[in-house]
Protein chains: 2
Amino acid sequence: MTKLPTQPYKGARDFYPEDKQLQNYLFGVMHSVCSRYGYEEYDAPILEPTDLYLQKGNEEIIKEQTYTFEDRGGRSVTMRTEMTPTVSRMVAGKRQELGYPLRWYSIPQCWRYERMQRGRGREFYQLNVDIFGELFVSAEHELIMLISDLLKSYGADESMYEIHINSRSFMKEVFFNRLALSEGKDADLNRLIDKKAKMPEEKFYAELEELLSDEDNSHEAVLLLKSLLSNRKTPNSLGDLPNEVLEHESLGDVKQLFDLCKASGINNVFFNPAITRGFDYYTDIVFEVFDTHPDNNRSMFGGGRYDSLIADFGVESVPTVGFGMGDHTLQNFLELHNLLPELTTQTDVYAVCVGDTYQAALDIVTTLREQNINVAFDVSNRKIEKTIKTAEKKGITYVLFVGQAELDSGQLSLRNIKTGEETEAGIDEIIQKLLS
Amino acid sequence: MTKLPTQPYKGARDFYPEDKQLQNYLFGVMHSVCSRYGYEEYDAPILEPTDLYLQKGNEEIIKEQTYTFEDRGGRSVTMRTEMTPTVSRMVAGKRQELGYPLRWYSIPQCWRYERMQRGRGREFYQLNVDIFGELFVSAEHELIMLISDLLKSYGADESMYEIHINSRSFMKEVFFNRLALSEGKDADLNRLIDKKAKMPEEKFYAELEELLSDEDNSHEAVLLLKSLLSNRKTPNSLGDLPNEVLEHESLGDVKQLFDLCKASGINNVFFNPAITRGFDYYTDIVFEVFDTHPDNNRSMFGGGRYDSLIADFGVESVPTVGFGMGDHTLQNFLELHNLLPELTTQTDVYAVCVGDTYQAALDIVTTLREQNINVAFDVSNRKIEKTIKTAEKKGITYVLFVGQAELDSGQLSLRNIKTGEETEAGIDEIIQKLLS
């Protein structure tokens, strides 16, 4: 028989207990903050009919990056690449029964077959938070507050990240009302601008000129866009936008959002017309959260307002604001800023049965467990040093020895193997010590 | 554009918030009980190289029930059908670094393409609990205690389920030492016996006679097996096994296990030679947990002792005891026995902004959130009745109205929409009420 490899499938992660502890910490904060804002958790199958992704979504991902195959019944299925199509399907399915505004969140696992790079894997988890049915800009404000609270809960402060916002409807006003560009040009422009940060400045402007070359206002358009795309960053303000666009109606919501953020004590929100987001479905305000760390000065995650995709299911659409945050990116951010806490095992004590005392030692272990103390019970009867080494490997702090002598005297021996401290005490005192 | 269907992929489940609440409850109990026994959580990718399943495992599942396909790099991958091959791979991968005995648990999602039937779906979650590196029967005892605590934590009592145990090594002694059957016959016998409960008695014995017809002791073998397979059920004892097998050495562990269960106050463990478990890898004691409900009197889940599969990865095997429990079966059991608790949303209060008081109302909401109260904030400014209906749909108990009058007087209005009770009070009193 061939020897099997012990590595997981390429691009995907095993979660050994120490990795799972970290994941539980990361997800625990998400659960707690989302619940605090009244968001309810939902979930869905990781396999979806391929049609769900074909109708909407990012073409590049569908054609090149999906795990798509036929099931044994001949149906084409795709492993989830993002949650938006799925959540739209679910909302459409119970459109009438749900109460709006609807606040939902989920931490689904997603799969994309892509080239491996830092901060990305083929398998990833992505916190998805959406509010359905809220027209007022309070929805954007709520999500920005939620993101701030989330990052603060991980220990981050406002110097470590920035929230950049833009407005798709503002850009539309610029493209069509101001510059009278030809119909449909916005999608191409958004896609090009979305890639700006990943290409040399010169190359970007060359492509921009090329893209606009067939426009009547080609020269004026390039100049105005240049000015917009180099907008000065000033917290909670529009920066130094040229006067000619300042009165655009679509900026009303943006200004109001800045006022609301300021009133909530959030001072790292900036207006950045270079933010467009890759997906076509965004309609109005979009935002991205940037890491300010010099080694990772890039966009971490984002979201925005869109008309929910539920019209694809034959029901009337509802306005939605949402964002998605990947776990690789988050972990990378926390590592760089030295924010990952020291994690410990859930096991409070390693109880060791010394000699032929199984039943009596088990009674003590059961008493501890009844007090909500987490106990691993070792009956291997190995040398004390070996047993301590085992407890050490598991990261457990306390070892409790229970032998005949301890049972006779009623004095148990509890050792803190991290400090070496030794306690000889009765069961009640041991319980108090372990609970404290 | 075609209208997309809103149903999930066939055989898989959507988890709307109320379904997710139930799942969080079911999993929460698992996490809590497993931690209490010192088990550490792990996880792994849902995609595995197909080879992992080809080398070991249930042939029927591999050939007919897997979701297997080629990724874009030409590798054959399979969606996880069970956790044992994966956990073996992970243990083998860090064989030296892990401390034994190793207690691990996980609640992985698994996929099998099978005919849909009650208590099963194509997608399911399965609690997996394993202890690696423990030779003594205390390992089986610990898992039986853990299962008892788990079911008790869901509200079950011993009258609702039975734990049936058997010993593969006892059956081997019977097959080969007592009956001198020909080599390799045990695998066929185990597989046939495993199916006994699913076929008519007559058909089973006809097939048994057929299977044994080429044996010298054919007649004696059928008689002895008949006697074993109709063993009388007596708690914590061997039942009425025929004298001729009572002295079999392999029964020593079984008897000891019964003594240990009795001493731990577990009185629903029975010896049942009809239990064999489908998988070939079991080596010694095996067990299955049966629902006693007349509408569902069948095996729910089980496990047993096996030499871990890590030898397939070129390292020395370790003795392991483990079990797996599916979520469909568990939920079915709890429903039948009326044990599902009434679940409620995580959202404590639905705060409603009345009129043009957004910023002041938000300040109150923020104060509540800072006290760890989960608040959904409604700024839709609809009629009071409509807002209450929304809160009702979400299953929220309290609605808090914040309008200019309330802000001026400092007296907020909190309504319990389940009882109709109304409280007018200052913010501190409201906080106390919501926290209690």
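Residues numbered from 1 in each chain as written. Chains lettered and ligands numbered in written order. Predicted model: local features only at pLDDT ≥ 70, side-chain atom pairs only at ≥ 80, totals over all residues.

Sorry if this is basic, but what is going on with the overall build of chain A here?
For chain A, the helix and strand inventory stands at 16 helices and 17 strands. In terms of C-alpha radius of gyration, chain A reaches 28 Å, well past the compact-globule figure of 22 Å for 436 residues. Along the three orthogonal principal directions, the C-alpha set of chain A runs to about 95 × 55 × 45 Å. Put simply, chain A has 436 residues, and 40% of those count as buried. (Helix = DSSP H or I, 4+ residues; strand = E, 2+ residues; numbered from the N terminus. Rg over C-alpha atoms; globule rule 2.2 N^0.38 Å. Buried ≥ 20, exposed ≤ 12 C-beta atoms within 10 Å, placed from the backbone.)

Quick question: what am I supposed to make of the interface of chain B and chain A here?
Often, the extent of an interface is quoted as the loss of accessible area on bringing the components together. Each side of the interface is counted separately: chain B has 69 residues, and chain A has 69 residues. Its residues assigned to classes, the side of chain B that touches chain A comprises 32 nonpolar, 15 polar and 22 charged. (Contact = placed C-beta atoms within 7 Å. Nonpolar A, V, L, I, M, F, W, Y, C, P; charged D, E, K, R; others polar.)

Would you mind showing me how to read the relation of the copies chain B and chain A here?
For the pair of chain copies, the relating operation is a rotation around an axis with a shift along it. Rotating chain B by 180° and moving it 0.0 Å along the rotation axis overlays it on chain A with an RMSD of 0.0 Å. Viewed as a symmetry operation, the transformation between the two copies matches a two-fold axis. When C-alpha distances to the rotation axis are compared across chain B, the minimum falls at Phe69(B), with a value of 3.2 Å. Comparing interface residues between copies, 100% of those in chain B also lie at the interface in chain A; the contact surface is shared. (Least-squares fit on C-alpha atoms with pLDDT ≥ 70 in both.)

I keep staring at the pairing of strand S13 (residues 349-353) of chain A and nothing clicks. Help me out?
Regular strands place their side chains on alternate faces of the sheet. All names here are of chain A. Taken across its five residues, S13 has five buried, putting it largely inside the fold. Burial along S13 is two-sided: Val349, Ala351 and Cys353 and Tyr350 and Val352, pointing in opposite directions, are all buried. Bridge analysis of S13 against strand S14 (residues 375-378) gives four bridges, and the strand direction is parallel. Within the sheet, the bridge partner assigned to valine 349 lies in S14 and is valine 375. Note on the crossover from S13 through helix H13 (residues 358-370) to S14: the handedness is right-handed. Relative to strand S15 (residues 398-402), S13 runs parallel, the two being bridged by five bridges. (Pairing = 2+ DSSP bridges. Right-handed = clockwise from strand over helix to strand, strands pointing away.)

Would you mind going over the packing of helix H8 (residues 201-212) of chain A against helix H9 (residues 218-229) of chain A with me for this structure?
Angle between the axes and distance between the axes: these two values describe a pair of packed helices. Residues and elements named next belong to chain A. For the pair H8 and H9, the least separation of the axes is 9 Å and the interaxial angle reads 145°. The handedness of the crossing between H8 and H9 is right-handed. Taking contact as the criterion, the partners of Leu208, Glu209 and Leu212 in H8 are, on H9, Ser218, Ala221, Val222 and Leu225. Looking at the contact of H8 with H9 residue by residue, the class counts come to five nonpolar, one polar and one charged. (Axes fitted to C-alpha atoms, helices over the stretch in contact; angles between N-to-C directions. Left-handed = near helix turned anticlockwise from the far one by under 90°.)

Is there a simple way to explain unusual backbone geometry in this structure?
Leaving glycine aside, a negative phi is the common case for residues, and trans is the common case for peptide bonds. All names here are of chain A. Cis geometry marks the peptide bond from tyrosine 100 to proline 101; its omega dihedral reads -5°. Relative to the elements of secondary structure, proline 101 occurs in the loop between helix H4 (84-93) and strand S5 (102-106). Not every positive phi belongs to a glycine, and alanine 180 is a case in point at roughly 50°. Structurally, alanine 180 is set in the loop between helix H6 (168-178) and helix H7 (185-194). The exposure class of alanine 180 is exposed, given the 12 C-beta atoms found within 10 Å.

How should I be thinking about the sheet that holds strand S16 (residues 412-416) of chain B in this particular structure?
Picture the strands of a sheet paired through backbone hydrogen bonds; they go either parallel or antiparallel. Residues and elements named next belong to chain B. One open sheet accounts for five strands, arranged S14-S13-S15-S16-S17; its pairing is mixed. Taken across any chain shown, the strands that pair with only one partner, and hence form the sheet edges, are strand S14 (375-378) and strand S17 (422-425). Going from strand to strand, the sheet's axes swing by 20° on average, the running direction of each strand aside. One ladder, built from four bridges, connects strand S15 (residues 398-402) with S16; its direction is antiparallel.

Help me understand the sheet that holds strand S17 (residues 422-425) of chain A, please; the structure alone is not making it clear to me.
Residues and elements named next belong to chain A. Strands sit in the order S14-S13-S15-S16-S17 across an open sheet of five strands; the sheet is mixed. The strands lining the two open edges of the sheet, one partner per strand, are S14 and S17. Between one strand and the next, the sheet's axes are offset by a mean angle of 20°, whatever the strand orientation.

Sorry, what's going on with the environment of Thr81(A) here?
Residues and elements named next belong to chain A. Note that threonine 81 resides in the loop between strand S4 (76-79) and H4. Through-space distance from the C-alpha of threonine 81 to that of glutamate 48 is 9.7 Å; in sequence the pair is 33 residues apart. Residue contacts for threonine 81: discarding those within four places in its chain leaves Tyr53, Ile61, Gln65, Thr66, Cys110, Trp111 and Arg112.

It is not clear to me how the packing of helix H6 (residues 168-178) of chain B against helix H7 (residues 185-194) of chain B should be interpreted in this structure. Could you clarify?
Residue and element names in this part refer to chain B. Across the interface, H6 lies against H7 with an axial gap of 11 Å and an inter-helix angle of 125°. In this view, H6 runs oblique relative to H7, as classed from their interaxial angle. By crossing handedness, the relation of H6 to H7 is classed as right-handed. Residue-level inspection shows Met171, Lys172 and Phe175 of H6 in contact with H7, the latter providing Lys185, Asp186 and Leu189. (Parallel < 35°, antiparallel > 145°, perpendicular 65-115°, else oblique.)

Sorry if this is basic, but what is going on with the pairing of strand S7 (residues 123-132) of chain B here?
Residues and elements named next belong to chain B. Summarising burial for S7: nine of the 10 residues are buried, a large majority. The pairing of strand S5 (residues 102-106) with S7 spans five bridges and is classified as antiparallel. Directly across from tryptophan 104, in S7, lies its bridge partner aspartate 130. Judged from the three bridges that link them, strand S6 (residues 109-111) and S7 form a sheet pairing that is antiparallel. Considered in S7, the bridge of cysteine 110 is made with phenylalanine 124.

Looking at this structure, how should I read the domain arrangement of chain A?
The domain architecture assigned to chain A consists of domain 1 (17-201 + 229-336) and domain 2 (349-435). One C-alpha centre belongs to domain 1 of chain A, the other to domain 2 of chain A; they are set 50 Å apart. (Domains from an automatic or database assignment.)

Teacher, can you tell me more about the environment of Leu47(B) here?
Tracing the backbone shows Leu47(B) in strand S2 (residues 47-49). In this structure, the C-alpha to C-alpha distance between Leu47(B) and Thr68(B), residues 21 residues apart in sequence, is 9.3 Å. Setting aside residues no more than four positions away along its own chain, Leu47(B) makes contact with Tyr9(A), Ala12(A), Val77(B) and Met79(B).

Would you explain helix H5 (residues 138-153) of chain A in this entry?
Because each turn of an α-helix spans 3.6 residues, side chains separated by three or four positions end up pointing in the same direction. Residue and element names in this part refer to chain A. With 16 residues, H5 should reach 22 Å at 1.5 Å per residue; the first-to-last C-alpha distance of 22 Å fits that figure. Taken across its 16 residues, H5 has 13 buried, putting it largely inside the fold. Just downstream of H5, glycine 155 is the residue with a positive phi angle, here 100°. (Expected span 1.5 Å × (residues − 1).)

Even after reading the chapter, I still don't get helix H4 (residues 84-93) of chain B, so can you show me in this structure?
All names here are of chain B. Within H4, nine of the 10 residues are buried, which leaves it mostly tucked inside the rest of the structure. Within H4 the residues assigned to the buried category are Thr84, Pro85, Thr86, Val87, Ser88, Arg89, Met90, Val91 and Ala92. Elements that come into contact with the buried residues of H4 comprise S2, helix H2 (51-55), S5 and S7.

What is the right way to look at the environment of Phe401(A) in this model?
Position of Phe401(A) among the secondary structure elements: in strand S15. Separated by 115 residues in the primary sequence, Phe401(A) and Val286(A) have C-alpha atoms spaced 59 Å apart.

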